Amino acid sequence: MISLKAYMDAGLLVAYGLGPADKHYVKAKRVIDDIIQGKYRGVVSVLSLLETRDVIRKRLTSNTPKNVLDGKSNLQRKYYLQQESDRKYTTLIDNVTKAAKAKKMFIVDFDGINIGEVFGMCDYLLSMNFGNIELFPFCWLCKRRYEHYEYKGLGPIDAMHFDLAKRLHCNLFITTDQSFSGLNGEIAVSVI
Amino acid sequence: MTMAQMCEKVKFDLQMYYTFPFRAYERKHEHIIGLPSKAFTYELIGEQNIFEPIRGEVCTKEAPFRELNRIVAIERRFLDKPLEESSLKLCSKLRFSMGLSEQFEADGTALANLDGFMADLAGEGVDASELVKAARRRL
């Protein structure tokens, strides 16, 4: 039986790990359910997991209501958020490794791949793909009205994900990041 | 090799890597299974093969489904098998680093389902062995 391999970008894992609070959760869960049902095999890289851990920490910190953190000392705040983010990440690792042990997913690393070669490929991808210029109406820091343009495009870590997916002959690349849509070609890019 | 030649070579290798249409290769070559020949690769990227002459023409016949199946099976045997092994090793590492037991712990959802199932059947006079069998099937 032919089973396609689907590389899962960090955005998808973040959405699944954060749960229903994330706007992409429903679609991410559908993808994971399809993998568990054997419609295709998921590929999770250690790079995706590292990025996921980082993003979960950042999102949980910014999404936790201010009044929950206000009454705590700096040390208590750190402890609280570390516990919360580790709990989410541990649950995600538990689910991913269970799926991998049931041979529904692969967990992959850059084992045996020359890092210089990877950077060369990333350089090529970045030089071949210029992203979009988008207009934003407010300042990200002070949240006041401030119309400005920003560059939104493929970053070096994104390029590393794509390069790894190509090396593993993945047939699908599933992501929440629009920047990948320009790479749709040999690997079918699916932006959820 | 001069720097300019080296740059040209790197550019060429990258181009070859990124433009190689594996799927097209699978579709067109029903007779060749395995690694693509140099000639075929050079022809695909529109470059004259400077190392060896191109022998024959590229077969443009569509590969039958069973042939595609065979290619995928070969690809899986050579690529997926070592992937599975390294994946299992990484599983152990990750579970250990996050303080998860190496053995699978009881699945909370499955147990909840079982609880619900037992509650549904309670007091309905069902044979105990049948109940256990049914519960096993559900798990």
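You'll find the structure just up there.
Residues numbered from 1 in each chain as written. Chains lettered and ligands numbered in written order. Predicted model: local features only at pLDDT ≥ 70, side-chain atom pairs only at ≥ 80, totals over all residues.

Draft legend 1. Fine view of unusual backbone geometry. Residues and elements named next belong to chain A. Within the chain, Lys-103 stands out as a residue other than glycine whose phi angle is a positive 60°. As for its position among the elements, Lys-103 is in the loop between helix H5 (74-101) and strand S3 (105-108). For Lys-103, a count of 13 C-beta atoms within 10 Å translates into the label partly exposed. (Helix = DSSP H or I, 4+ residues; strand = E, 2+ residues; numbered from the N terminus. Buried ≥ 20, exposed ≤ 12 C-beta atoms within 10 Å, placed from the backbone.)

Draft legend 2. Focus on the packing of helix H1 (residues 10-18) of chain A against helix H2 (residues 25-36) of chain A. Residues and elements named next belong to chain A. Two elements in contact, H1 and H2, have axes separated by 8 Å at closest approach and are oriented at 105°. In terms of their interaxial angle, H1 and H2 are classed as roughly perpendicular. Residues Leu-12, Ala-15, Tyr-16 and Leu-18 of H1 form the contact with H2, whose own contacting residues are Tyr-25, Ala-28, Lys-29, Val-31 and Ile-32. Class assignment of the residues belonging to the contact of H1 with H2 gives a composition of eight nonpolar, no polar and one charged. (Axes fitted to C-alpha atoms, helices over the stretch in contact; angles between N-to-C directions. Parallel < 35°, antiparallel > 145°, perpendicular 65-115°, else oblique. Contact = placed C-beta atoms within 7 Å. Nonpolar A, V, L, I, M, F, W, Y, C, P; charged D, E, K, R; others polar.)

Draft legend 3. Representation of the sheet that holds strand S2 (residues 41-45) of chain A in the model. All names here are of chain A. The strand order across the open sheet built from five strands is S3-S2-S1-S6-S7, with neighbouring strands paired in parallel fashion. The open sheet has two edge strands with one neighbour each: S3 and strand S7 (188-191). On average, adjacent strands in this sheet sit at an angle of 25° to one another, irrespective of strand direction. Packed on one face of the sheet, H5 meets S2 and S3 and runs near 115° to S3. (Pairing = 2+ DSSP bridges.)

Draft legend 4. Representation of H2 of chain A. Residues and elements named next belong to chain A. Its 12 residues give H2 an end-to-end C-alpha distance of 16 Å, which sits within 8% of 16 Å, the value for a rise of 1.5 Å per residue. For H2, every residue scored as buried is listed here: Ala-28, Val-31, Ile-32 and Ile-35. For H2, the angular spread of buried residues about the axis comes to 95°, placing them on one side. Away from the buried face of H2 by more than 90 degrees, exposed residues Val-26, Arg-30 and Asp-33 are located. Tucked into the core, H2 has its buried residues touching H1, S2, H5, S3 and strand S6 (172-175). After H2 finishes, the residue Gly-38 shows a positive phi value of roughly 85°. (Expected span 1.5 Å × (residues − 1). Arc of directions from axis to C-beta.)

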